[in-house]
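Each chain is listed here by its residues.
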Amino acid sequence: MPLRNSKPISAAQLGFIVEDAASEIYIFSASDFRFLLVNRGARDNLGFGFDELRKLTPWDLKPHLSEAQFREKVRPLLETGSGDMVFETVHRRKDGSLYDVSVHLQLLENDGEPIFFAAIRDVTRENQLKRSLEDRERDLEAALAGREVLLQEVNHRVKNSLQLVMALLQLHAREATDDGLKFALSEARHRVSVVASIHQRLYMNGDYSMVDIGDFLAELVTATVRSMSRVDDIGIELELQSGVAIGMDRAVPLALVVSELLTNSLKYAFPDQRKGTVGVHLSSTETEITVTVLDDGVGYCVADIAETGTGLDSKIVHALTGQIRAKVETQTKAGGTHISIVLPRG
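Keep in mind that this is a model prediction, so the values were computed, not measured.

**Re a nonpolar patch on the surface**
- A contiguous nonpolar surface patch, about 230 Å² in accessible area, is contributed by Leu150, Val154 and Val158.
- Looking at the secondary structure, you find leucine 150 in helix 6 (residues 124-175).

See the structure below:
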């Protein structure tokens, strides 16, 4: 078959080019596949002299390719009369040791005869590094899988522990004869339930670091109204910006503050089972997140609790807002009370 797109080159030119080339260079016949030229780099790496190599063929150096397999691999080049191909295989040295090679094989013409020109690069080190990286990747995946199992186990134990604490507080509250103690235990149980709810959300979402605070606040308001047995006479107003997420370390204190303020609104802003509305608004900017707890009650002075109160509620709000570096802004009037918790992003 005639050769196409091939450039004639003399044997002398080929010999001069290949002898001192950085790559291993092999030139062999396209008819009997005997080596015609093998450069110094290849001879040094293989350990063969040129007289020895002239008696060999490419498959004699490639233990992973038989004569039939090698002939089949180069058949497309012989059929088209030109072209090149790149593949990886293994070479065997004279001492029997093996090394990985990348082969760039071209079909050329020399004095009217087709010859193969192979530029070969030793890729043993590259492949060792690649295998090492693959091993490390598998080890990392295994470590991450183990970490996931460990996190699930820890989360399961935390969940059980919180449920146990809640059950104990509820049991003691039922057995308490003093109304003040009974109420205090019930409030403590509610606070633990807030923490348990956030933990449950993290566990269910599979994200153990960030909480979508909007979704959680909606659940918190509903749960708080239900816990105070005011579902029938207290409406709920929610204006929650979507996509506002904060870390677990700030989500828990913020949720507890909101819970305290909602609980106090329900206790004091609607005396004599007065009907009304409580709500939570959530908004954010690039620098701040604002959560506003509001009611339309009788003007119960939640401001006293948020600013100057000395009771446990006040101490909890003070401590937790300080923990998350939040500012507390209050508006109290006859038409109700608004308290905003403003915390910095990040």
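**Here we look at the sheet that holds strand 2 (residues 35-38)**
- With respect to topology, five strands assemble into an open sheet ordered 2-1-5-4-3, the strand pairing being antiparallel. For this open sheet the edge positions go to strand 2 and strand 3 (84-92), each flanked by a neighbour on one side alone. Ignoring strand direction, the axes of neighbouring strands in this sheet form an average angle of 25 degrees.
- Note: strand 3 against strand 4 (residues 98-110), nine bridges, orientation antiparallel.

**As for the nonpolar core**
- Counting residues in each nonpolar core, the largest one holds 38 residues, and the members touching the most others are Ile213, Phe216, Leu217, Leu254, Val258, Val278 and Val280.
- By residue number, the principal contributor to this core is helix 9 (residues 248-268), which donates ten residues.
- In this view, leucine 254 contacts Ile213, Ile246, Val291, Ile324, Ile341 and Leu343; residues no more than four positions away in its chain are not counted.
- One finds Phe70, Met85, Leu105 and Leu107 within the second-largest nonpolar core, a separate group that totals 27 residues.

**Digging into the sheet that holds strand 11 (residues 327-333)**
- Sheet architecture is open: five strands sit in the order 7-9-10-12-11, paired in mixed fashion. Both outer strands of the open sheet, strand 7 (234-240) and strand 11, are each paired with one neighbouring strand and no more. With strand direction ignored, the average angle separating the axes of adjacent strands in the sheet is 10 degrees.
- Two elements, strand 11 and strand 12 (residues 336-344), share seven bridges in a ladder whose sense is antiparallel. Following the sheet pairing, lysine 327 is matched in strand 12 by valine 342.

**As for unusual backbone geometry**
- Positive phi, normally seen in glycine, also occurs at phenylalanine 33, with a value near 65 degrees.
- Residue position: phenylalanine 33 is located in the loop between strand 1 (24-29) and strand 2.
- Residues other than glycine seldom take positive phi values, yet glutamine 273 does so here, at roughly 60 degrees.
- Here glutamine 273 shows up in the loop between helix 9 and strand 9 (276-284).

**Some remarks on the pairing of strand 12**
- Counted residue by residue, strand 12 has seven buried out of nine residues, so it is predominantly covered.
- As defined by bridge partners, strand 10 (residues 288-295) adjoins strand 12 across eight bridges and the pair is classed as antiparallel. Note that in strand 12 the partner of leucine 294 across the bridge is histidine 338.
- Counting the residues that bridge the hairpin from strand 11 to strand 12 gives two residues.

Analysis parameters
- Residues numbered from 1 in each chain as written.
- Predicted model: local features only at pLDDT ≥ 70, side-chain atom pairs only at ≥ 80, totals over all residues.
- Heavy atoms only, no water.
- Patch = residues over 30% accessible without salt bridge, like charges linked within 9 Å, V, L, I, M, F, W, Y side chains within 5 Å.
- Areas by Shrake-Rupley, 256 points an atom, 1.4 Å probe, with all protein chains shown as cover.
- Salt bridge = Lys/Arg side-chain N within 4 Å of Asp/Glu carboxyl O.
- Helix = DSSP H or I, 4+ residues; strand = E, 2+ residues; numbered from the N terminus.
- Pairing = 2+ DSSP bridges.
- Axes fitted to C-alpha atoms, helices over the stretch in contact; angles between N-to-C directions.
- Core = buried A, V, L, I, M, F, W, Y, C linked by side-chain atoms within 4.5 Å.
- Buried < 20%, exposed > 50% of the residue type's maximum accessible area, 1.4 Å probe, protein only.
- Contact = heavy atoms within 4.5 Å.

Interpretation note: all reported values are geometric properties and have no functional meaning in isolation.
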